[in-house]
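# Survey of secondary and tertiary structure
The chain contents come next:
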Amino acid sequence: MRLIATGLLLLMAVSFVALKQLAQVRPEWDPALGYAIAFTEAAMVGGLADWFAVTALFRRPLGLPIPHTAIIPVNKDRIADSMATFLRDNFLTPQVVARRLHGFNLAASAGAFLADPRRDEQSRLRAGTAGLLADVLESLDPDQMGGMVKAGLRRQLARIDLAPLLGQMLANAIADQRHLPVLESVLRKIGETIEANEPMIREMIHQRANAILRLTGLDEKLANGVLDGAYRLLAEVIVHPGHPLRGKIDDALAKLSEDLRHDPAMRLKVERAKLELLENPALSAWIDSMWERARESLLHTMRNPDKALAGSFGDSISQLGRALGEDPRLQVLVNRFARRTMVGVASRYGSEIVRLVSETVKRWDARTVSDRIEGAVGRDLQFIRVNGTVVGGLVGMAIHTVDRLL
């Protein structure tokens with residue numbers, strides 16, 4: 001950005017010289033050249049003024065001892081004290097920490113951090129927590145902890161309002177046409193079922209046909225017609241996206257989605273089915289086996305950090321992050337603990353932290369302070385130079401216009 005801003009200033013200077021020479025050679029171009037010369041002249045003034053202002057913050061322009069320049073290096077110690085005071089007054093008093101953390105969802109932020117597998121620094125966190133979690137799991141009573149986990153899982157499943165969730169998932173699938181592969185698969189499965197049971201279907205048709213049809217052999221033609229028609233209908237629905245039957249199926253699915261979300265009777269049916277499923281012994285046995293497998297898998301992978309980082313433990317940490325980000329009650333507990341901890345830290349160590357910041361900045365040499373601050377805000381400062389060059393040129397054209405009118 002510094003090169004761009006300096007290049008723009010040099011372009012204005014070269015353009016000014018070239019336009020002045022052209023004005024002498026082509027005086028008949030005076031009105032247009034006058035505006036162009038006024039623009040480049042004022043742009044140079046604006047660009048130079050902003051270059052001086054930006055440079056004066058960090059160093060002596062051209063090395064000249066001009067008063068009120070190199071502002072940051074000269075006032076380094078005062079800046080360090082100001083930074084420490086700002087940090088203390090705005091962040092590190094117990095009252096301020098409690099007030100600022102009150103509206104900050106630390107659990108959600110931590111959850112987003114853990115759930116994002118692309119961040120490299122998370123590998124250290126996952127590796128460091130692997131052994132600790134393994135020790136905790138082994139020290140706890142497996143049956144007691146398993147009972148707590150399974151009971152908590154059942155409670156969470158019981159609290160889920162399943163019907164609206166299913167309805168929204170179905171609506172999203174229809175909107176994105178993700179239901180079409182499923183529909184086509186179901187239609188093919190129906191065709192395969194008919195084909196596999198074709199002798200039984202023919203026998204049913206023969207039995208239900210009257211005596212005249214059987215005597216004339218029309219019952220066999222009827223069976224052939226029914227089966228051929230069924231096969232043809234299924235093939236047409238699968239092959240043609242615009243088939244009317246597909247539209248009717250889509251309408252029926254859309255109606256089901258709407259009922260799941262808004263029909264109290266349908267929601268009640270789904271809720272009853274969910275509760276019956278939760279009470280089913282087969283589901284309890286499945287949850288028990290799932291917990292045991294999960295516990296054994298966690299213990300195995302946490303004892304091997306390299307495998308844990310690349311495999312299931314890393315996924316478990318990601319799932320923990322998603323749980324922190326999605327469970328409001330868990331967020332309340334974590335945020336409350338974090339607030340109490342941070343308030344205690346600010347109360348005990350706030351003054352030491354502030355003194356550390358101040359002394360660290362004071363130990364930096366003037367060039368280091370200038371380079372770090374300029375590196376943090378340098379692009380925006382160079383944009384000021386660019387804007388000064390452009391705005392200066394526009395103001396020069398405006399002044400030139402007023403001058404001509406007068």
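Residues numbered from 1 in each chain as written. Predicted model: local features only at pLDDT ≥ 70, side-chain atom pairs only at ≥ 80, totals over all residues. Heavy atoms only, no water.

## Some thoughts on the overall build of the protein
So the rule is basically this: A helix here means a DSSP run of H or I that spans at least four residues, while a strand means a run of E at least two residues long, and both kinds are numbered starting from the N terminus. For each residue, the accessible area found with a 1.4 Å probe, counting protein chains only, is set against the maximum for its type, and the residue is called buried under 20%, exposed over 50%, and partly exposed in between. Residues are treated as being in contact if the distance between any of their heavy atoms lies within 4.5 Å. Each accessible area is a Shrake-Rupley estimate made with a 1.4 Å probe; only the visible protein chains count as cover when residues are assessed.
Counting secondary structure elements, the protein contains 20 helices and zero strands. Burial statistics for the protein: of 406 residues in total, 27% are counted as buried. For the protein, restricting intrachain contacts to residue pairs at least 6 apart in sequence, the fraction spanning at least 24 positions comes to 68%. Here the protein has roughly 26,100 Å² of accessible surface; of this, 63% comes from carbon and sulfur atoms.

## So, the pattern of salt bridges
To keep it simple, the criterion reads: Salt bridges are defined by distance alone: a side-chain nitrogen of Lys or Arg within 4 Å of a carboxyl oxygen of Asp or Glu.
Tallied over the full model, the rule gives six salt bridges. Its salt-bridge partner being Lys-189, residue Glu-192 comes within 3.4 Å of it at the nearest N-O pair. Separated by three residues within a single helix, Glu-192 and Lys-189 lie in helix α10 (residues 180-196), roughly one turn from each other. With a shortest N-O distance of 3.0 Å, Lys-274 and Glu-271 are connected by a salt bridge. Taken together, the residues span about one helical turn, with Lys-274 and Glu-271 both in helix α15 (residues 264-279) at a distance of three residues.

## Points about helix α9 (residues 162-175)
Counted only if it meets this: Expected helix span is given by 1.5 Å per residue-to-residue step, counting one fewer step than there are residues. This arc is built from the directions going out from the helix axis to the C-beta atoms.
A rise of 1.5 Å per residue sets the reference length of α9, with its 14 residues, at 20 Å; its end C-alpha atoms lie 20 Å apart and thus fit the reference within 8%. Looking only at α9, the buried set comprises Ala-163, Gly-167, Leu-170, Ala-171, Ala-173 and Ile-174. Along α9, the residues classed as buried sweep out an arc of 160° about the axis, all on the same side. Those residues of α9 that are buried lie in contact with α14 (244-262) and α15. Following α9 by one or two positions, Gln-177 adopts a phi angle in the positive range, close to 60°.

## Some words on the side chain of His-400
As for its position among the elements, His-400 is in helix α20 (residues 366-405). Those residues within four positions of His-400 in sequence are excluded, and the remaining contacts are Gly-34, Tyr-35 and Ala-38.

## Let's talk about the environment of Pro-328
Summarising the element assignment, Pro-328 is placed in helix α19 (residues 328-363). Residue classification places Pro-328 among the exposed residues on the basis of a relative accessible area of 56%. The spacing of Pro-328 and Asn-105 is 223 residues in sequence and 10.0 Å in space, taken between C-alpha atoms.

## As for a nonpolar patch on the surface
Note the following rule: Think of a patch as exposed residues, more than 30% relative accessible area, with no salt bridge, where like charges cluster within 9 Å and nonpolar side chains (Val, Leu, Ile, Met, Phe, Trp, Tyr) cluster within 5 Å.
Taken together, the side chains of Leu-157, Ile-160, Leu-165, Leu-166 and Met-169 define a hydrophobic patch exposed on the protein surface, amounting to about 390 Å² of accessible area. Of the residues forming the nonpolar patch, the biggest block, three residues, is contributed by α9. Position of Leu-157 among the secondary structure elements: in helix α8 (residues 142-159).

## Digging into the environment of Leu-330
Here Leu-330 is to be found in helix α19. In this structure, Leu-330 is in contact with Ala-323 and Leu-324, ignoring residues within four places of it in sequence.

## Focus: the packing of α9 against α14
What counts, and what does not: Lines fitted to the C-alpha atoms define the axes, with helices restricted to the stretch that makes contact. Angles between their N-to-C directions range from 0 to 180 degrees. Reported orientations rely on four angle classes, namely roughly parallel under 35 degrees, roughly antiparallel over 145, roughly perpendicular from 65 to 115, and oblique for the rest. In this scheme the handedness of a crossing depends on how the near helix is turned from the far one: anticlockwise by less than a right angle means left-handed, clockwise means right-handed. Under this grouping Gly is polar, as are all residues other than the nonpolar Ala, Val, Leu, Ile, Met, Phe, Trp, Tyr, Cys and Pro and the charged Asp, Glu, Lys and Arg.
α14 packs onto α9 with a crossing angle of 150° between their chain directions and a minimal axis gap of 7 Å. The angle between α9 and α14 falls in the class roughly antiparallel. Handedness of the crossing formed by α9 with α14: left-handed. Counting all contacts with α9, which are made through Ala-163, Pro-164, Leu-166, Gly-167, Gln-168, Leu-170, Ala-171 and Ile-174, the residues of α14 involved are Leu-253, Ala-254, Leu-256, Ser-257, Leu-260 and Arg-261. Here the contact of α9 with α14 is composed, by residue class, of ten nonpolar, three polar and one charged.

## Some thoughts on unusual backbone geometry
A positive phi angle, close to 60°, is found at Gln-177, a residue other than glycine. Relative to the helices and strands, Gln-177 resides in the loop between α9 and α10. A relative accessible area of 51% means that Gln-177 is categorised as exposed.

## Side note on the side chain of Ser-257
Rules: A 3.5 Å cut-off defines polar contacts: any pair of N or O atoms within that distance qualifies, except that in protein one atom must be a possible hydrogen donor and the other a possible acceptor, and neighbouring residues in sequence count only when both atoms are side-chain atoms.
Its location among the elements puts Ser-257 in helix α14. A polar atom in the side chain of Ser-257 sits 2.8 Å from the backbone oxygen of Gly-167.

## Section: the packing of helix α4 (residues 76-90) against α19
Here α4 crosses α19 at 160°, and the two axes come no closer than 8 Å. With respect to each other, α4 and α19 are oriented roughly antiparallel. Where α4 crosses over α19, the handedness of that crossing is right-handed. Across the interface between the two elements, Lys-76, Asp-77, Ala-80, Asp-81, Met-83, Ala-84, Leu-87 and Arg-88 of α4 pack against Val-354, Val-357, Ser-358, Val-361 and Lys-362 of α19. The residue makeup of the contact of α4 with α19, split by class, is seven nonpolar, one polar and five charged.

## Focus: the environment of Leu-233
Examined against the element boundaries, Leu-233 turns out to sit in helix α13 (residues 218-239). Separated by 46 residues in sequence, Leu-233 and Leu-187 place their C-alpha atoms 9.9 Å apart. Not counting chain neighbours up to four residues away, the residues in contact with Leu-233 comprise His-243 and Leu-245.

## A look at helix α1 (residues 2-25)
Compared with the 34 Å implied by 1.5 Å per residue over 24 residues, the 35 Å span of α1 between its first and last C-alpha is a close match. Every buried residue of α1 is listed here: Ala-5, Leu-9, Met-12, Phe-16 and Leu-19.

## Topic: the confidence of the model for the protein
As a reminder, the rule being used: As a per-residue quantity, pLDDT reports the predictor's confidence and falls between 0 and 100.
Put simply, the protein has an average pLDDT of 78, and 83% of its residues get 70 or more. For the protein, the element scoring lowest by mean pLDDT is helix α17 (residues 305-310), at 52; α1 scores highest, at 89.

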